Amino acid sequence: MPYETDYTNQGFTKVGTRVNRPDGVDKVTGRAKYGADANAAGQLVGRVLRSPHAHALITKIDTSKAEKLPGVKAVLTGKDFPDLTGGNRGLMDILENCMARGRALYDGHAVAAVAAIDADTANKALKLIKVTYKQLPHVTDVDEAIKPSAPIIHDWVRTAGVTPAPTTASNVAQRSEFGHGDVDAGFAQADVIIEKSFKTEQTHQGYIEPHACLATLGPDGSGELWVTTQGHFTFRNVCASLLGLEVAKLKVTSSEIGGGFGGKTHVWTEPVALQLSRKANRPVKLVMSRDEVFRATGPTSSTSVDVKIGAKRNGKITAATAELRYQSGAFPGMWAMFGAMTSFACYDLKNVKSVGFDVLVNRPKVAAYRAPSAPMAAFAVESVVDMLAAEIGMDAVDFRIKNAAKKGTKASYGPVYGPIGIGPTLDAVKNHPHMKRKLGKNQGRGVACGFWFNFGGQTCTDLNIGVDGSVNLTVGTVDVGGSRASLALIAAEELGIDYEQVRVTIGDTNSLGHNDTTEGSRGTFSSGMATIFAARNAVEVLKQRAAATWDIPVEQVVWEAGEARAKGKQNNNLPPLSLKEIAAKSPRTGGPIAGHNEVVADGAGVSFASHMCDVEVDPETGATKILRYTVVQDAGKAIHPDYVEGQFQGGAAQGIGWALNEEYIYGDDGRLQNAGFLDYRIPVCSDLPFIDTQILEIPNPNHPYGVRGVGETSIVPPLAAIGNAVSNAVGVRMTHVPMSPPRILKAIEDGQA
Amino acid sequence: MNGVTVSAKVNGDAVQYVCPADESLLDVLRNRLNLTGVKEGCGTGDCGACSITLDGRLVCACLVLGAEAEGREIGTVEGLSEGGKLHPLQEEFIEKAALQCGICTPGFLVAAKSLLERNPNPTEEEIRYALAGNLCRCTGYDKIVRAVQSAAKIMRRGKKAAR
Amino acid sequence: MEVQLSGILSQAAGGARCVACTGATIGELLQSLVLQYPEMQMHLDDGIAVAVNGEIYRDRRDQPIPSNADVFLLPRIQGG
């Protein structure tokens with residue numbers, strides 16, 4: 001165990017309460033500053049020219065006319081980004097995605113950029129850039145891309161994970177296999193075997209705030225970047241590597257972030273903005289349009305998955321296999337690998353094998369999207385689990401409970417589980433009033449489970465106590481959904497002071513040591529852990545100051561309820577010293593009082609959820625209405641229950657959109673046809689009911705308070721839960737997400753035929 | 001620049017600005033009047049992040065030209081609180097944890113205020129349809145609807161007390 | 001001790017799913033692994049995770065490994 005933990009029967013007075021968030025007033029008054037809300041004196045407007053073709057050689061770019069346009073201060077193409085990657089292929093992929101290098105790889109790929117005195121001039125300049133393309137054959141479908149006849153996206157790609165190593169190029173960038181036991185022997189023991197293929201379409205994280213930054217970079221290589229990001233330290237490191245800067249000379253400040261969900265873990269235009277600024281020697285503000293966000297940033301994979309599961313008549317699964325094909329866009333990814341790892345993670349299986357294939361296509365580079373890759377695998381597996389339960393005549397929840405993973409189970413992706421929550425979430429589902437509600441005509445109910453790893457990572461936190469006893473906590477993880485409130489609660493809990501006494505600041509890259517990107521549900525887990533240790537370090541200083549004031553050994557001082565108390569009969573005459581009293585005297589007892597902590601927050605507990613969903617399908621139109629939706633998830637320990645519920649509800653809503661409406665639609669020409677919120681329809685308020693939640697707390701033994709990450713898992717079950725509900729409502733198995741009205745009507749028709 | 005000179009009222013204050021004839025009111029508010037509480041999520045009237053009122057009517061600022069505001073009254077999120085006191089909707093959005101990232105919040109507040117002015121006692125369904133033009137990607141709308149319900153109740157009570 | 005390799009990591013060990021290694025800490029274990037299989041270095045540079053008795057570690061190289069521990073090398077996870 002990384003840390004001594006005594007989470008059981010811990011009495012909390014602050015943690016677990018529903019306090020108002022400290023940044024609430026800023027955010028309801030319009031004062032909070034997001035990516036596009038910062039300005040600098042003399043700033044220019046940056047704009048990016050993008051390829052209209054899915055795949056094309058760029059034979060010539062003539063920027064001379066644009067450069068001559070009055071008001072244009074800098075024009076860039078791929079040539080303006082020398083290769084400083086030192087042979088690091090991953091970095092080169094990032095660079096090439098930021099700006100094409102001789103070849104456009106997808107509709108929307110950046111090919112040139114300008115900085116001009118205003119938006120109008122910048123837009124005119126883009127039109128004056130003449131790009132000569134030679135179109136190449138393209139492929140956008142994951143199954144088409146692995147056919148031998150498919151155009152090869154990168155001639156240098158050899159399929160990794162295959163022995164012996166292949167010698168010819170392929171669109172399959174990587175094969176990853178996980179599992180244990182003997183699946184053939186397992187299927188031989190099965191009484192019933194179900195095998196089915198599934199498809200899911202590509203979706204976007206759909207954060208409401210487009211990517212935006214304000215970049216300043218001088219000829220001396222010193223610069224600043226104000227940017228909406230989930231990881232300003234990572235952005236700093238990546239931008240510095242790509243542009244040949246010293247890390248310490250680039251100060252990156254994360255603005256308030258208007259949603260990320262994984263899409264703001266990667267750089268897109270930030271290196272371009274910095275390079276424009278360097279060339280023009282003026283600040284450059286670069287804000288993406290919504291069209292650019294859809295065409296050129298962060299979607300998740302579209303997938304094609306085959307699942308086969310066998311079980312005994314008594315309901316015990318004997319073997320399970322999955323083959324998962326995930327497209328990663330125009331650059332290699334490891335998204336199918338995560339799909340393969342998560343696919344059977346909910347179950348205790350003797351014989352299991354999952355194989356993932358990461359596939360290149362002419363689409364934008366895939367980015368993480370909330371529990372990346374898990375929802376698609378869960379859709380396929382949880383659908384077959386339902387079919388199998390039905391086939392052997394067992395209740396679908398009982399079937400899951402019988403096969404659920406538990407403490408000591410060897411996970412399908414390798415390690416052995418500690419205490420986990422899949423069983424308890426299923427028990428909660430079984431006993432939930434939702435399951436007893438009567439269903440009417442054309443209505444159906446679905447249940448599904450989901451898993452996500454969670455992780456911690458590098459974290460660095462400062463806690464400073466002011467002379468008036470107020471506390472400034474500086475963290476390096478970004479507040480994506482209320483974590484300031486949770487971290488202030490934790491600091492207040494440790495110090496024994498009022499929540500309102502703590503102010504949490506997100507530190508820029510020059511005020512703290514490195515912090516990993518706020519991803520993997522790590523914000524409250526890891527910064528919470530670092531806050532606890534920073535506060536405990538501060539308490540040690542507080543005790544020393546009290547001991548010095550009393551002139552007694554520090555061993556005789558304890559910290560209780562926000563004050564130093566002198567222990568032992570000989571000290572009975574010493575009244576306690578509060579944090580405020582010690583802080584007030586600090587200038588004369590040794591100076592400022594602070595606690596610091598840097599930690600690799602390992603030991604993030606895995607997370608499980610089970611969802612219930614009731615739908616009504618209109619057999620005339622194929623439209624689906626969500627009648628009821630309930631999320632049950634293990635949070636380890638809910639620091640701020642409101643924001644834990646919020647994560648459950650938000651993930652469920654994104655999953656509902658994915659299940660029913662959202663998809664990237666590509667034409668035969670390889671162009672994205674619905675790059676806007678009108679045609680890429682995310683759920684609106686009138687699409688949804690209230691989303692009920694139940695928080696379970698199965699403590700994570702590796703966190704002092706038992707915290708597990710909660711942000712991501714909630715998006716994993718919805719595709720399958722709704723798939724099962726719709727299938728039950730229409731009497732036909734749904735195998736293609738999104739289950740849009742035309743697809744449902746077609747499934748009904750095909751089912752009747 | 002072929003500018004148009006415009007005189008209008010924003011949150012009760014008289015303003016004057018010069019903007020190109022084709023510049024959106026959203027860009028005017030954000031870039032010329034520094035009212036960055038008005039957010040841009042799409043620029044095509046699909047997300048509602050730039051919701052404002054124009055002579056009391058709820059509109060997307062990105063779909064209105066700056067030149068069209070001549071002589072009219074504009075209301076933005078910055079005008080919601082009076083003096084040091086937050087509007088009940090603002091209070092309840094904080095109290096009910098109705099925001100996560102907060103980028104859509106200004107638009108929701110303006111749209112909800114407009115709804116409650118027209119209908120002080122809306123049903124859940126009326127709230128959901130009135131706010132269907134405002135996209136939120138974080139919350140699943142659950143706590144937003146509850147915050148509007150709660151603010152409506154408080155405002156009705158306030159009106160009764162005032163009578 | 002026996003170290004189990006998953007996914008693409010086994011390719012670096014010539015396709016072996018399970019290899020013998022020595023080391024009292026994660027750092028020593030990885031060193032021993034690279035000595036035997038130099039191709040593994042590329043994956044270590046990209047980032048991996050080590051599961052010791054079910055506990056997943058990403059960056060803590062000084063983490064002790066008990067004798068007879070169940071050790072599993074995994075690719076590093078990304079999140080959203």
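Note that the coordinates shown come from a computational prediction; the quantities given were computed from them, not determined experimentally.

## A look at the packing of aromatic side chains
Point 1. Considering all chains together, one arrives at 17 aromatic pairs over all chains under this definition.
Point 2. Judged by centre distance (5.7 Å) and plane angle (75°), the rings of W335(A) and F338(A) are edge-to-face. Here W335(A) pairs with F338(A), and both are found in helix α10 (residues 335-342), just 3 residues apart, close to one helical turn.
Point 3. Pairing Y413(A) with Y417(A) gives two aromatic rings, centres 6.3 Å apart and planes at 70°, and the pair type is edge-to-face.
Point 4. In textbook terms, an aromatic cluster arises when at least three aromatic residues are bridged by ring pairs, as seen for Y413(A), Y417(A), F451(A), W452(A), F453(A) and F608(A).
Point 5. Lying across the ring of F690(A), R146(B) places its NZ or CZ 3.9 Å from the centre.

## So, helix α2 (residues 88-95) of chain B
Residue pairs three or four apart in sequence face the same way in an α-helix, which turns once every 3.6 residues.
Point 1. Taken as a whole, α2(B) has its buried residues at L89(B), Q90(B), E92(B), F93(B) and I94(B).
Point 2. Of the residues flanking the end of α2(B), it is A97(B), one or two places downstream, whose phi is positive at about 55°.

## Some points on the interface of chain C and chain A
Point 1. Between chain C and chain A, the contact holds 26 residues from the first and 48 residues from the second.
Point 2. Interface area for chain C against chain A, summed over the two sides, is near 2,600 Å², with a carbon-plus-sulfur share of 56%.
Point 3. The largest per-residue losses of area from chain C upon contact with chain A belong to I77(C), Q78(C) and G80(C), which jointly make up 24% of the total buried on that side.
Point 4. Counting across the interface, chain C meets chain A through 2 salt bridges.
Point 5. Across the pair D516(A) and R58(C) runs a salt bridge, and its minimum N-O distance is 3.7 Å.
Point 6. On the surface where chain C and chain A come into contact, there are 7 residue pairs in polar contact (both at pLDDT 80 or more).
Point 7. Classifying every residue of the side of chain C that touches chain A gives 8 nonpolar, 11 polar and 7 charged.

## A few points about the interface of chain B and chain A
Point 1. Each side of the interface is counted separately: chain B has 43 residues, and chain A has 51 residues.
Point 2. Interface of chain B and chain A: buried area, both sides summed, is about 3,900 Å²; carbon and sulfur atoms make up 57% of it.
Point 3. Taken as a group, I94(B), Q100(B) and R137(B) account for 22% of the area that chain B buries against chain A, more than any other trio of residues on that side.
Point 4. Put simply, chain B and chain A have 4 salt bridges between them.
Point 5. E662(A) is the salt-bridge partner of R137(B), the closest N and O atoms lying 2.8 Å from each other.
Point 6. Joining chain B to chain A, the criterion identifies 23 residue pairs in polar contact (both at pLDDT 80 or more).
Point 7. Residue assignment for the side of chain B that touches chain A shows that the elements contributing at least two residues are α2, α3 (105-118), α4 (124-130) and α5 (142-162) of chain B.
Point 8. Here the side of chain B that touches chain A takes 5 residues from α5(B), the largest share from any one element.

Calculation notes
Residues numbered from 1 in each chain as written. Chains lettered and ligands numbered in written order. Predicted model: local features only at pLDDT ≥ 70, side-chain atom pairs only at ≥ 80, totals over all residues. Heavy atoms only, no water. Phe/Tyr/Trp six-rings, centres within 6.5 Å; stacked < 30°, edge-to-face > 60°. Helix = DSSP H or I, 4+ residues; strand = E, 2+ residues; numbered from the N terminus. Lys NZ or Arg CZ within 6 Å of the ring centre and 35° of its normal. Buried < 20%, exposed > 50% of the residue type's maximum accessible area, 1.4 Å probe, protein only. Contact = heavy atoms within 4.5 Å. Buried area = accessible area lost by both parts, 1.4 Å probe. Salt bridge = Lys/Arg side-chain N within 4 Å of Asp/Glu carboxyl O. Polar contact = N/O pair within 3.5 Å; in protein donor to acceptor, adjacent residues only side chain to side chain. Nonpolar A, V, L, I, M, F, W, Y, C, P; charged D, E, K, R; others polar.

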